Amino acid sequence: MPVVALIVIGAAAGFLATRLMRIEADIPTTMLIGIVGALVGGFLLRMLITVSGWLSGFVGAVLGALLVIWIWQSLKRR
């Protein structure tokens, strides 16, 4: 089933991508573009999630600090 899902999702993604990029392609090429795009996108997303796992604490801390600074400056102006 995952292979069938990859083909269906890849075909839909390829169709959408070729329309957004205004590329004329036949059906097999469109499906291939979508399947390769799904594989590359899935790999990049997995890598981003892995990096964001340990990086999310840092990003959260920076966003929290920015919020505290904004609140502090807002109260200081009054």
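Below is a summary of the structure that appears in this document. (Residues numbered from 1 in each chain as written. Predicted model: local features only at pLDDT ≥ 70, side-chain atom pairs only at ≥ 80, totals over all residues. Heavy atoms only, no water.)

## Structural notes on the overall build of the chain
Reasoning step 1: Across its full length, the chain holds 2 helices and 0 strands.
Reasoning step 2: A compact globule built from 78 residues would reach a C-alpha radius of gyration of about 12 Å, whereas the chain, at 21 Å, exceeds it by more than 25%.
Reasoning step 3: Principal-axis analysis of the C-alpha atoms places the extent of the chain at approximately 65 × 30 × 15 Å.
Reasoning step 4: When burial is assessed residue by residue, the chain has 8% of its 78 residues classed as buried.
Reasoning step 5: As displayed, the chain has an accessible area near 6700 Å², and 79% of this comes from carbon and sulfur atoms. (Helix = DSSP H or I, 4+ residues; strand = E, 2+ residues; numbered from the N terminus. Rg over C-alpha atoms; globule rule 2.2 N^0.38 Å. Buried < 20%, exposed > 50% of the residue type's maximum accessible area, 1.4 Å probe, protein only. Areas by Shrake-Rupley, 256 points an atom, 1.4 Å probe, with all protein chains shown as cover.)

## Description of the side chain of T18
Reasoning step 1: Checked against the element boundaries, T18 lands in helix α1 (residues 2–20).
Reasoning step 2: A relative accessible area of 3% means that T18 is categorised as buried.

## Some points on α1
Reasoning step 1: Compared with the 27 Å implied by 1.5 Å per residue over 19 residues, the 26 Å span of α1 between its first and last C-alpha is a close match.
Reasoning step 2: Those residues of α1 not exposed but buried are G10, G14 and T18. Buried residues of α1 fall within an arc of 55 degrees about the axis and therefore sit on the same side. Away from the buried face of α1 by more than 90 degrees, exposed residues V8, I9, L16 and L20 are located.
Reasoning step 3: Phi turns positive one or two residues past the end of α1, at R22, with a value near 55 degrees. (Expected span 1.5 Å × (residues − 1). Arc of directions from axis to C-beta.)

## Here's the deal with the environment of I33
Reasoning step 1: Position of I33 among the secondary structure elements: in helix α2 (residues 27–77).
Reasoning step 2: With relative accessibility at 38%, the residue I33 sits in the partly exposed group.
Reasoning step 3: Considered as a pair, I33 and G10 are 23 residues apart in the sequence and their alpha carbons are 7.5 Å apart.

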